[in-house]
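Each chain, letter by letter, is given below.
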Amino acid sequence: MAINKFLLTFAICRLIATVGLTVDPAELLRLGVDGQLSVDPSDVEIASLDFGLLSRAKPIAVLRPASAEDVALLVRAAYNSAGGFTVSARGHGHSINGQAQISNGVVIEMSSRSRAGHQLGSANNNPAPPQVSVKEMHVHVWGGELWIDVLRSTLEHGLAPKSWTDYLYLSVGGTLSNAGISGQAFNHGPQISNVHELDVVTGKGEILTCSEEENSELFHAVLGGLGQFGIITRARISLEPAPQREVESLLKKLNFIPSSVFTTDLPYVDFLDRVHKAELKLRSKGLWDVPHPWLNLFVPKSRIADFDKGVFKGILGNKTSGPILIYPMNRNKWDQRSSVVTPVEDVFYLVAFLRSALDDGEETHTLEYLSNQNRQILRFCDDAGIKVKQYLPHYTTQQEWVDHFGDKWSQFYQNKMEFDPRRILATGQRIFMPSFVAASSSSSSFSTVGPW
Ligand SMILES: Cc1cc2nc3c(=O)[nH]c(=O)nc-3n(C[C@H](O)[C@H](O)[C@H](O)COP(=O)(O)OP(=O)(O)OC[C@H]3O[C@@H](n4cnc5c(N)ncnc54)[C@H](O)[C@@H]3O)c2cc1C
């Protein structure tokens, strides 16, 4: 133990000497967390990258927390630190544009306990497993729990969450920080509409429970809040009886041409976990760990025909070059008090361009070609006045973020000043600059709260 501490101190000191970091190593060591604080190059390397493989940022250290208290200890240290350092929760690292990455700070590996990922040394060093209440029809889960593990736990009681993502190897905190949607979201709404209560570690290091009734401002801010107001350490999620086979009963209610029916009848778990099967196939062909210039847009229904003409038939020339999902959404299933933004129309569509860049000699498969097409799509929508909103948004200027949030920007900004006043959380979203960076560049043209 003493040797480990010595090695950790040595490694952090060396980092500080070589990179000129502002964190006092003793600050991190004095925390006394129950989980693991690591500067192991392989841990740092994993935290430096995400699914998109479009950007890289090396943190100083990685924390695998054993509890919410560990998370709070670290955030409190960052909040009170004289030099200042940033903290970023990382779910399963499935962002595209470095949203969970930081370079001068500590990444918290929220999903490190996952049965699908690493295990910490002993069960005592792990956050609590899901706790199902059959009577209340809800489950309490750790913020870094993967949805696949939530499903496995609840199915033991014949229950399942109401709202899903199409892919289950995502963390609860990561999807609740965005919205969490699937082809069924038109019915139950996004995952953020199916949560009763959260425990959140704010940017000041306080652990607060929040819900519709308690600390409701924080509750609504955190849902769809892109990790800006706090780190979700626990969520209480709504459950329903796990559906049985439904195809026949659904078909009975529909009018259709019998010869056009195409059905695949799968057990419920296999249906929900279907994208993972595709993942395994792609992995086996070396096609998973490649750059993913994904673009997800919410398109208002009134302009979907213009979008079809300009984008699918125009820019893409009727060629998909990768999976494209189109899902209808009902706005009345989205709580407008949350931080997420959607088009202001009763019905809008998610259009998700989920393309992988390949280096196979074909120009139309390259990262440059696909990224350029994404820019053309956004420019077309802008020029045609199609008021799309990005889902899993990525911007680089403050004006773009202000435009993205529209009427919600001033509330979003006020919430930031209240819950993360030093602006140390989730800086990889590039919405706000940490106060200590802004102060040191105050003579430059940076706005004090603007993005990088
Ligand atoms: C293969 C694949 C399939 C996907 N399918 C869907 C889908 O069907 N539906 C859908 O809605 N999305 C989908 N996504 C997008 C996914 O929701 C986002 O990538 C989201 O960020 C969740 O991923 P994550 O848990 O790995 O979070 P990360 O990428 O690690 O983090 C995302 C952001 O959330 C913050 N964050 C992470 N954990 C917490 C926490 N506990 N508290 C507060 N902030 C936190 C991070 O700091 C970061 O800013 C998919 C992505 C991939 C790669």
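Here, every reference points to the structure presented above.
Predicted, not measured: the structure shown is a model, and the values here were computed from it.

Cut-offs used in this document
- Residues numbered from 1 in each chain as written.
- Predicted model: local features only at pLDDT ≥ 70, side-chain atom pairs only at ≥ 80, totals over all residues.
- Heavy atoms only, no water.
- Phe/Tyr/Trp six-rings, centres within 6.5 Å; stacked < 30°, edge-to-face > 60°.
- Helix = DSSP H or I, 4+ residues; strand = E, 2+ residues; numbered from the N terminus.
- Buried < 20%, exposed > 50% of the residue type's maximum accessible area, 1.4 Å probe, protein only.
- Lys NZ or Arg CZ within 6 Å of the ring centre and 35° of its normal.
- Core = buried A, V, L, I, M, F, W, Y, C linked by side-chain atoms within 4.5 Å.
- Domains from an automatic or database assignment.
- Contact = heavy atoms within 4.5 Å.
- Patch = residues over 30% accessible without salt bridge, like charges linked within 9 Å, V, L, I, M, F, W, Y side chains within 5 Å.
- Areas by Shrake-Rupley, 256 points an atom, 1.4 Å probe, with all protein chains shown as cover.
- Salt bridge = Lys/Arg side-chain N within 4 Å of Asp/Glu carboxyl O.
- Lys, Arg positive; Asp, Glu negative; His and termini not counted.
- Charge placed at Lys NZ, Arg CZ, Asp CG, Glu CD.
- Pairing = 2+ DSSP bridges.
- Axes fitted to C-alpha atoms, helices over the stretch in contact; angles between N-to-C directions.
- Near = heavy atom within 4 Å.
- Polar contact = N/O pair within 3.5 Å; in protein donor to acceptor, adjacent residues only side chain to side chain.
- Nonpolar A, V, L, I, M, F, W, Y, C, P; charged D, E, K, R; others polar.

A. Looking closely at the packing of aromatic side chains. Per the stated rule, a full pass over the model turns up 22 aromatic pairs. Measuring from ring centre to ring centre gives 5.1 Å for F51 and W288, while their planes differ by 65°; the resulting arrangement is edge-to-face. Pair noted here: F51 is in the loop between α3 (41-48) and β2 (61-64) and W288 is in the loop between α11 (274-284) and β11 (295-300), with a separation of 237 residues, a long-range link. In this structure, F51 and W288 share a single accessibility class: buried. Considering the side-chain rings of F405 and W409, the 6.2 Å spacing of their centres and the 40° angle between planes classify their relative orientation as tilted. Each of the two residues, F405 as well as W409, counts as buried. For R274, the ring lying beneath its charged end belongs to F271, and the centroid distance is 4.2 Å.

B. Region of interest: the nonpolar core. Counting 60 residues, the largest nonpolar core has L176, I181 and L198 as its most contacted members. Taken together, domain 2 (127-241) and domain 3 (283-390) each give at least three residues to this core, which thus spans both. What I181 contacts, discounting residues up to four positions off in sequence, is W164, T165, D166, P190, F298, M329, W334, L350 and Y391. If you look at the next biggest cluster of nonpolar residues, it comprises 25 residues, including L28, A72, A77 and I231.

C. Representation of a negative patch on the surface within the structure. Together, D359, D360, E362, E363 and E368 give the surface a local cluster of negative charge. Looking at the secondary structure, you find E368 in helix α13 (residues 367-383).

D. Region of the structure containing the sheet that holds strand β4 (residues 105-109). The strand order across the open sheet formed by four strands is β1-β2-β4-β3, and the pairing between neighbours is mixed. A strand with exactly one partner marks an edge of an open sheet, and here the two such strands are β1 (36-38) and β3 (86-90). With strand direction ignored, the average angle separating the axes of adjacent strands in the sheet is 20°. As paired strands, β3 and β4 are joined by five bridges and run parallel to one another. Following the sheet pairing, A89 is matched in β4 by I108. Most of the contacts of α3 go to β2, to which it runs at about 90°, and overall it touches β1, β2, β3 and β4.

E. Inspection of the site of the ligand at higher detail. What surrounds the ligand is a group of 34 residues, the closest being A89, G91, S95, D166 and Y391. Residue G93 places a main-chain N or O atom 2.9 Å away from an oxygen atom belonging to the ligand. In isolation the ligand offers 950 Å² of accessible surface; the protein chains occlude 95% of this area. Of all the secondary structure elements, the ones that give two or more residues to the shell around the ligand are β3, α6 (172-176) and β10 (230-241). The class makeup of the residues in the shell around the ligand is 14 nonpolar, 18 polar and two charged. Split by domain, the residues of the shell around the ligand number at least three in each of domain 1 (2-120) and domain 2 (127-241).

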